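Residue-level structure breakdown
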Amino acid sequence: MASFSLPPINDNPDGGWGPSTSNLPAQFKFRDIPYAPYSKSDKLGRFADWNDISGDNRPNVGPAAQGGGRGGGPGARGRRDGQPAFGSGAASAFAYFHAEDESSFSLVDSRVGPTRRGGALGRGRGIGRGGASNRGASQRGGRGGFTGGRGGNFQRGGRRGWKDWDKNNRTREASVAISPEWQMLEEIEFHRLSKLRLEVDDPEELGSYGKLFPYDKSYDRITTKSERPLQLVDRIKYNTTTSDDPVISDLASKETATVYTTDVILSGLMVAPRSVNPWDIVVVREGNKLFLDKRDGGPFDTVTVNENAADPPQDPATVNPNNPNEKIAVPETPTINSATSLSLEATYINQNFGFQSVTETPPPPAVEFDKPNPFYGPEETEPLASCGYRYRVFDLGITEDEDVKICVRTEVDAYSPGQGNPRSGQGLVTIRALNEFDPRSQGAGGAPDWRTKLDPQRGAVVATEMKNNSCKLAKWTVQSVLAGADLMKIGFISRVNPRDNTRHVIMGSISTRPMDFAAQLNVSLANGWGIVRTVTDMCMKQPDGKYVLVKDPNKPVLRLYAVPLNAFTGEDEDEEGGLDGEELDSAA
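Calculation criteria
Residues numbered from 1 in each chain as written. Predicted model: local features only at pLDDT ≥ 70, side-chain atom pairs only at ≥ 80, totals over all residues. Heavy atoms only, no water. 1 Å grid on protein atoms, 1.4 Å probe; cavity = no way out; pocket = protein on both sides within 12 Å on 5 of 7 lines; lining within 4 Å. Points joined across faces, edges and corners; volume = space filled by probe spheres on them. Helix = DSSP H or I, 4+ residues; strand = E, 2+ residues; numbered from the N terminus. Pairing = 2+ DSSP bridges. Contact = heavy atoms within 4.5 Å. Axes fitted to C-alpha atoms, helices over the stretch in contact; angles between N-to-C directions. Phe/Tyr/Trp six-rings, centres within 6.5 Å; stacked < 30°, edge-to-face > 60°. Buried < 20%, exposed > 50% of the residue type's maximum accessible area, 1.4 Å probe, protein only. Lys NZ or Arg CZ within 6 Å of the ring centre and 35° of its normal. Core = buried A, V, L, I, M, F, W, Y, C linked by side-chain atoms within 4.5 Å. Arc of directions from axis to C-beta. Polar contact = N/O pair within 3.5 Å; in protein donor to acceptor, adjacent residues only side chain to side chain.

A few points about empty space enclosed by the protein
Taken as a whole, this structure holds 1 cavity of 30 Å³ or more when the rule is applied. Estimates place the volume of the largest cavity at around 80 Å³. Asn 306, Asn 435, Glu 436, Phe 437, Asp 438, Pro 439, Ala 444, Ala 447, Trp 450, Glu 465 and Asn 468 are the residues that line the largest cavity. For the lining of the largest cavity, the secondary-structure elements that each account for two or more residues are strand 11 (428–436) and helix 8 (458–468).

So, the sheet that holds strand 7 (residues 367–368)
Hydrogen bonds between backbone atoms are what pair the strands of a sheet, whose relative direction is either parallel or antiparallel. The mixed open sheet is built from 10 strands, whose spatial order is 1-15-14-5-6-4-9-8-2-7. Strand pairing shows two members of the sheet lacking a second neighbour, strand 1 (183–189) and strand 7, which therefore form its edges. Relative to strand 9 (residues 405–412), strand 4 (residues 259–262) is paired through 4 bridges, and the arrangement is parallel. When the sheet's bridge partners are listed, Thr 262 is paired in strand 9 with Arg 409. Docked against the sheet, helix 9 (residues 470–483) engages strand 8 (387–395) and strand 9, running at close to 80 degrees with respect to strand 8.

Considering the packing of aromatic side chains
According to the stated counting rule, one finds 10 aromatic pairs in the structure shown. Geometrically, the ring pair formed by Tyr 260 and Phe 291 is stacked, given 5.3 Å between the ring centres and 20 degrees between the ring planes. Taken together, the positions of Tyr 260 in strand 4 and Phe 291 in strand 6 (residues 289–293) put the pair 31 residues apart, joining distant regions of the chain. Across the pair, exposure class does not vary: Tyr 260 and Phe 291 are buried alike. Its end group placed over the ring of Tyr 219, Arg 228 keeps NZ or CZ at 4.6 Å from the ring centre.

Brief notes about the nonpolar core
The biggest cluster of nonpolar side chains holds 63 residues, and the ones touching the most others in it are Leu 269, Ile 281, Ile 406 and Trp 529. Excluding residues within four positions of it along the chain, Leu 269 makes contact with Trp 279, Ile 281, Leu 292, Ile 531, Val 532, Val 535 and Leu 549. Membership of the second largest hydrophobic core comes to 26 residues, among which are Trp 182, Val 284, Tyr 389 and Val 550.

Here's the deal with helix 4 (residues 246–253)
Regarding helix 4, the residues found buried are Val 247, Ile 248, Leu 251 and Ala 252. The buried residues of helix 4 all sit within an arc of 135 degrees when viewed along its axis, so they share a single face. On its buried face, helix 4 is in contact with strand 2 (204–212), strand 4, strand 6, strand 8 and strand 9. One side-chain oxygen of the residue at the start of helix 4 lies 2.9 Å from the amide nitrogen of Val 247, identifying that residue as Asp 245.

This is the structure:
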């Protein structure tokens, strides 16, 4: 039987990668040739490329190297997205350099030749995008081509401008100032939240409060040629947080559910993976009960504008607290197209469109729910807005033995006459409004001009809004579904003059069923309930106390912090991103 013996293995005693200079076998034929290390980022695309650029970054003059098409010729197609040549990550030990050749070279003529209109390589005009006249380029190399391009000669690598919309380098501030005394307990990435799923049955109705006016159907017939001015309607509408709701306090004392919240807060949590702007939810655990609250003047009191746009509106730069000597160019007058100004404007538009689009004088008559508005005291003198509150309980239990329920205060804005009895939950309507500020302004998100496109191309306008305001529309849809509304009315409101944010006109509206609109937006209620159940379990693991769930301002991450019991109480909510009630009233 033949024997087998292992060949000698020469390890590297230096602990490095590759052969050691001090331990080379005698029969090694490449003993006197230096070893060229490689970079781990190198990619092997081919063994030899005769059309590649030479070591001195000058292109070879072959016909293949001078192909002026997109991508810079066949030689450039081998390394997409700016991949370096193999071995370029390390200094080349074999680079040829001839001193006499370099010293004998001299530039004869530095003048640029005249360009011809309609040249062979141009698109009808000798110079194209990335052509010879662009910022230091020397040849027409096509769009982002091999020898042309913005930024100098031969800048094929890197593909400048490619997917810049996906690289949002803007730094946002958190919605609430994170104190160093707070303890971070949990952290969840959005991609994990997107995989959750929980099917929930129809809710149980606990009670209905308030009064509803009928929706004025004439607003469904408004067009850009028959626009109506948006009026300032003086009405009272409450947006009380969970802990200050007397009905929820009464239900909690009867152990009705495990979690208590409002539809505004719950919808923000259910569509959290779509959110870009920072927000926070205050969580209070008392015994076996959880209360999800919002801060007064926080992100849930206003409406965002183009939050999901590629280039969303932004606020002017603020002074860096770590560098107080830094000088910031502050405009003399605050811009009306900043993120904060647009948010206040959108909140004002939403409230007034809802107040204006109902009929307060019969017929048809107003509908009184079982009980009056729980927040309207006897000392109030201003008239109430059309609003109905429905308190509903959803069962979040996974098994039949599990008792995890959530009590939600939902809101409806009007009822549609002739659609059934509103007291039984038939014909209920929620009213919202999208606003246009200036199609040419920064942050417009490529939206078309509504005055010319809303009537002939309404689908394109709605599709653009679904892209730029994905999170806001998803919140509205979830709120309508939670409230059991049959219809959701969305108005299109634009400025009379793009430079004036105080006068607006109603240019049209659409009517849709919430579940149908959720399917168009690709909103999964099962995923939303899975997120709510996960956050509930995460908070119920903690002891009694106060916590805050914070969306990271610059990352798709949720964090849970333990905060002192006196946090967010008896203080002016003037943290970053906070707006007090006076500012909201002045905006309205």
